[in-house]
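Residue strings, one per chain:
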Amino acid sequence: MLRGEDGAGFHIRADRHRHFTTLYAAGALDYGSAPLLKEQADVALRATDHPRLVIDLTEVTFCDSTGYGVLMYALTRVRRLTGSLVLVGLSAAMRNRLSRLGVAELFDTRRTVEEAKKVFPGTT
């Protein structure tokens, strides 16, 4: 399990499972904290040839354009590596913003990590 904090209250925890990694983010995902999420996503994506990544945003209280940029970055990296990315726990505001940005349909989203696990073969 990896942990990280940005000093302003945003923190992230990574749990590696047999078939996927879950990043649990909490706090404001913004210009100051987005690099931490990007760094942890990179670590998770380098850990395997065909990465399966779940990003749990249930406890994210705010997300600015930098945060959405990191989510797009993670999606792009995962696709290049022929992996899978699932976003969990998006607030209504985050769903709305992704829709307004025209990228909502690019993301696989689930309500819970338990639901996200079912997306990956061999994890149920």
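Here, every reference points to the structure presented above.
Throughout what follows, the structure given in this document is the object of discussion. Remember, it's a predicted structure, so these values are computed and weren't measured experimentally. (Residues numbered from 1 in each chain as written. Predicted model: local features only at pLDDT ≥ 70, side-chain atom pairs only at ≥ 80, totals over all residues. Heavy atoms only, no water.)

1. Describing the overall build of the protein
Thought 1: Looking only at helices and strands, the protein features four helices and six strands.
Thought 2: Listing each helix as α and each strand as β along the protein from the N terminus yields β-β-β-α-β-α-β-α-β-α.
Thought 3: C-alpha atoms of the protein, sized along the principal axes, occupy 35 × 30 × 25 Å.
Thought 4: Across the 124 residues of the protein, 43% fall into the buried class.
Thought 5: Restricting the contact set of the protein to residue pairs at least 6 apart, pairs at least 24 apart contribute 62%.
Thought 6: Of the roughly 6,600 Å² of accessible surface on the protein, 49% is carried by carbon and sulfur atoms.
Thought 7: Taking the average location of the 17 positive side-chain charges in the protein and that of its 14 negative ones, the two points are 6 Å from each other. (Helix = DSSP H or I, 4+ residues; strand = E, 2+ residues; numbered from the N terminus. Buried < 20%, exposed > 50% of the residue type's maximum accessible area, 1.4 Å probe, protein only. Contact = heavy atoms within 4.5 Å. Areas by Shrake-Rupley, 256 points an atom, 1.4 Å probe, with all protein chains shown as cover. Lys, Arg positive; Asp, Glu negative; His and termini not counted. Charge placed at Lys NZ, Arg CZ, Asp CG, Glu CD.)

2. A look at the pairing of strand E2 (residues 11-16)
Thought 1: Where E2 and strand E3 (residues 21-29) come together, six bridges link them in antiparallel fashion. When the sheet's bridge partners are listed, His11 is paired in E3 with Ala26. (Pairing = 2+ DSSP bridges.)

3. Concerning the packing of helix H1 (residues 34-46) against helix H2 (residues 65-80)
Thought 1: With their axes 9 Å apart at the nearest point, H1 and H2 run at an angle of 10° to one another. Taken together, the axes of H1 and H2 lie roughly parallel to each other. Residues Ala34, Leu37, Lys38, Asp42 and Leu45 of H1 pack against Thr66, Gly67, Val70, Leu71, Tyr73, Ala74, Arg77 and Val78 of H2.
Thought 2: Partitioned by chemical class, the residues of the contact of H1 with H2 number eight nonpolar, two polar and three charged. (Axes fitted to C-alpha atoms, helices over the stretch in contact; angles between N-to-C directions. Parallel < 35°, antiparallel > 145°, perpendicular 65-115°, else oblique. Nonpolar A, V, L, I, M, F, W, Y, C, P; charged D, E, K, R; others polar.)

4. Concerning the side chain of Thr21
Thought 1: The topology assignment puts Thr21 in strand E3.
Thought 2: A relative accessible area of 8% places Thr21 in the buried class.
Thought 3: Here Thr21 is in contact with Asp15, Arg16, Ala44, Arg52, Leu53 and Val54, once residues within four sequence places are set aside.

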